[in-house]
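Summary of the model geometry
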There are 2 protein chains.
Amino acid sequence: MQNLLFDFIAKYVSLNDDEKNAILSLDLFHSVKKGTILLKEGQTSKNSYFVLKGCIRTYYILDCEEKTTAFHTEMEALTPPCVINQTPSEYYISCIEDCILLVSNSDMEVEVNNKFPKFEIMCRKLSEELLAKQRIDFDAFKTSSPEQRYLNLLEKRPDLIQRVPQHQLASYLGIKPQSLSRLRARIFEKKT
Amino acid sequence: MQNLLFDFIAKYVSLNDDEKNAILSLDLFHSVKKGTILLKEGQTSKNSYFVLKGCIRTYYILDCEEKTTAFHTEMEALTPPCVINQTPSEYYISCIEDCILLVSNSDMEVEVNNKFPKFEIMCRKLSEELLAKQRIDFDAFKTSSPEQRYLNLLEKRPDLIQRVPQHQLASYLGIKPQSLSRLRARIFEKKT
DNA sequence: AAAAGCCCTTCACTTAAGTTAAAAAACGCA
DNA sequence: TGCGTTTTTTAACTTAAGTGAAGGGCTTTT
């Protein structure tokens, strides 16, 4: 698990043993059971998450309905907007599988960044990269139909379709579960 | 104009005169005429933009159709994904008004960041903030209907509805111009 | 083992967006 | 000002998503 982390970091900056030990001394690793809610609407939090194993989901509850907007799986980071803006969270985060997560808080990050400017660089690079990636996803969502979005997901993240309940996938695609079911049937028809 | 920039920067880090002069010596300020295309599909670029005055638009051309995905107005920054990923651009950027822009390139940024770690910190904070903001926008888009999106835009960025042609707004909202026109008529009906 | 709950699918119906076409309005420039 | 182009609106029709309801297959609970 530690190597997974260090391999990930190595894509952005190279660490010496001192720096690696500094990270390990922070006690970031946590095992979390499926179903655990990491963040609730209205809560304030300073925690960021990095998924080493498993899958976490962010969702809103609007009009008594869950609206899933993101899934984060292996090697993906998540800093909720409420942490950045220091506001109460508008959404929930829960584990939809047993997970191994890195949990860091922003006070800790400030401290580490001061001590090791390298981390500051890594955070910048990672944020810039995530911003670009999210921009591309957003654009793809805007410019395509629900059916195209599903086909795109099938191509880009086939694992999600396997490991995530369909009604959660539906709102992730911006539609109702019934529509996803129908849409899948339609695609299946076309193939035959 | 310079003060607009320094006021913006002051929200993230505080600069001394040396640092301010270092920025000014970079010759970042550019006046750009309406209609100018800043980036084309297929091009590689190292340029980031910051809008001091005016409005720039990012759009794709898919199936011979323009799909507008973003507008950037006063005090908004834009680093295209192609700059981050070092890949050919998938989209176009053009000025839809006469603009005053800051144009920086990534080589320059690397240099400045090395010289003044403060800039590194500013870039990180700005990226994190933009990431959170974009996340919220994306989520709002996913969880709402075209009509709700339009009403939301009317509330949050009424200026855009005034200064941007409607067919560009339409694809920004994820629909066709005819649908936007109809939707507006529908809203107007309801009000009366 | 029966009951309850949840999830997915299906169906009939409603609503709204896409499409195609044409007219009306606004704009740009000579 | 006037002509030509672009943009917006309107309309009729098609397609697909939303809605409400019902059924079937699982799993969990009692």
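Residues numbered from 1 in each chain as written. Chains lettered and ligands numbered in written order. Predicted model: local features only at pLDDT ≥ 70, side-chain atom pairs only at ≥ 80, totals over all residues. Heavy atoms only, no water.

Things to note about the domain arrangement of chain A
Interfaces are often described in size by the accessible area the parts lose on coming together. Residue and element names in this part refer to chain A. This is how the line gets drawn: These domain limits were set by an automatic method or by a database of domain assignments. The criterion used for residue contact is that any of the two residues' heavy atoms lie within 4.5 Å. Buried area: the accessible area, evaluated with a 1.4 Å probe, that two parts lose upon being put together, summed over both parts. Criterion for a salt bridge: a side-chain nitrogen of Lys or Arg within 4 Å of a carboxyl oxygen of Asp or Glu. Side-chain atoms alone can form a polar contact between residues adjacent in sequence; in general such a contact is a pair of N or O atoms within 3.5 Å, and within protein one must be able to donate a hydrogen while the other accepts it. Secondary structure elements follow DSSP: runs of H or I no shorter than four residues count as helices, runs of E no shorter than two count as strands, and numbering proceeds from the N terminus.
Its domain assignment divides chain A into domain 1 (2–142) and domain 2 (144–192). Domain 1 and domain 2 are separated by 26 Å when their C-alpha centres are compared. On the domain 2 side, the residues contacting the 18 residues of domain 1 number 14 residues. Three residues, Thr68, Phe71 and Phe141, lead the burial of domain 1 against domain 2; their summed loss comes to 45% of the area buried on that side. Counting the contacts that link domain 1 with domain 2 gives four salt bridges. Across the pair Glu76 and Arg157 runs a salt bridge, and its minimum N-O distance is 3.6 Å. Taken together, the connections running from domain 1 to domain 2 amount to eleven residue pairs in polar contact (both at pLDDT 80 or more). Those elements that provide at least two residues to the side of domain 1 that touches domain 2 are strand E5 (65–72) and helix H5 (117–142). Per element, the largest residue contribution to the side of domain 1 that touches domain 2 is seven residues, and it comes from E5.

As for the packing of helix H4 (residues 106–115) of chain B against helix H5 (residues 117–142) of chain B
All names here are of chain B. Filter applied, for reference: As a rule, the C-alpha atoms of each element are fitted with a line to give its axis, helices using only the stretch in contact, and angles between N-to-C directions run from 0 to 180 degrees. Throughout this description, any angle smaller than 35 degrees is read as roughly parallel, any larger than 145 degrees as roughly antiparallel, any in the 65 to 115 degree range as roughly perpendicular, and the remainder as oblique. All amino acids are sorted into three groups, where Ala, Val, Leu, Ile, Met, Phe, Trp, Tyr, Cys and Pro are nonpolar, Asp, Glu, Lys and Arg are charged, and the leftover types, Gly among them, are polar.
At a minimum axis separation of 4 Å, H4 and H5 run at an interaxial angle of 120 degrees. Considering the angle they form, H4 stands oblique to H5. Contacts between H4 and H5 involve Val112, Asn113, Asn114 and Lys115 from the former and Pro117, Phe119, Glu120 and Cys123 from the latter. Looking at the contact of H4 with H5 residue by residue, the classes come out as four nonpolar, two polar and two charged.

What to know about the protein's contact with DNA strand C
Let me state the cut-off plainly: Residues are classed as near a molecule or strand on a simple rule: at least one heavy atom within 4 Å of it.
With respect to spatial proximity, 14 residues lie near DNA strand C, and among them Gln166(A), His167(A), Gln178(B), Ser179(B) and Arg186(B) are the closest. Near the protein, meaning within 4 Å, the atoms of DNA strand C are sugar or phosphate in a fraction of 65%, with bases accounting for the rest. At 3.1 Å, a side-chain N or O of Ser181(A) approaches a phosphate oxygen of DNA strand C. Between Arg186(B) and DNA strand C, the recorded distance is 2.9 Å, taken from a side-chain N or O atom to a phosphate oxygen. Among the elements of the structure, helix H8 (166–172) and helix H9 (177–191) of chain A together with helix H9 (177–191) of chain B are those that each provide at least two residues to the surface near DNA strand C.

Examining the packing of helix H1 (residues 2–10) of chain B against helix H2 (residues 17–24) of chain B
Residue and element names in this part refer to chain B. Using the following cut-off: Left-handed describes a crossing in which the near helix is turned anticlockwise from the far one by less than a right angle; the clockwise case is right-handed.
Viewed as axis vectors pointing N to C, H1 and H2 meet at an angle of 125 degrees, and their least axial separation amounts to 12 Å. Classified by the angle their axes make, H1 and H2 are oblique. Note on packing geometry: the crossing formed by H1 with H2 is right-handed. For the pair H1 and H2, the contacting residues are Gln2, Leu5, Phe6 and Ile9 in the first and Lys20, Ile23 and Leu24 in the second. For the contact of H1 with H2, the class distribution of residues is five nonpolar, one polar and one charged.

Details of the packing of aromatic side chains
Stated precisely, the cut-off is as follows: Aromatic pairs are defined between Phe, Tyr and Trp rings, using the six-membered ring for Trp, whenever the two ring centres lie within 6.5 Å; interplanar angles under 30 degrees are classed as stacked, those over 60 as edge-to-face, and all others as tilted. Buried means the residue's accessible area, taken with a 1.4 Å probe over protein chains only, is under 20% of the maximum for its type, while exposed means over 50%, and partly exposed covers the values in between. The rule for a charge over a ring is simple: NZ of Lys or CZ of Arg within 6 Å of the ring centre, and within 35 degrees of the ring normal.
Taken as a whole and judged by the stated rule, the model has 16 aromatic pairs over all chains. Judged by centre distance (4.5 Å) and plane angle (10 degrees), the rings of Phe138(A) and Phe138(B) are stacked. On the criterion of chain membership, the pair formed by Phe138(A) in helix H5 and Phe138(B) in helix H5 is interchain, its members lying in two chains. Both residues of the pair, Phe138(A) and Phe138(B), count as buried. Following the ring pairs from residue to residue traces out a cluster consisting of Phe138(A), Phe141(A), Phe138(B) and Phe141(B). Against the face of Tyr59(B) rests Arg57(B), its NZ or CZ located 3.8 Å from the ring centre. Sitting over the face of the ring of Phe141(B), Arg149(B) holds its NZ or CZ atom 3.8 Å from the ring centroid.

A closer look at the protein's contact with DNA strand D
Close contacts around DNA strand D come from 14 residues, with Ser179(A), Arg182(A), Arg186(A), Gln166(B) and His167(B) the closest. Each atom of DNA strand D within 4 Å of the protein belongs either to a base or to sugar and phosphate, the latter forming 67%. Measuring from a base nitrogen of DNA strand D, one finds a side-chain N or O atom of Arg182(A) at 2.9 Å. Between a phosphate oxygen of DNA strand D and a main-chain N or O atom of His167(B), the distance comes to 2.9 Å. Residue assignment for the surface near DNA strand D shows that the elements contributing at least two residues are H9 of chain A together with helix H8 (166–172) and H9 of chain B. Of the residues forming the surface near DNA strand D, the biggest block, four residues, is contributed by H9(A). Here the surface near DNA strand D is built from residues that sort into three nonpolar, seven polar and four charged.

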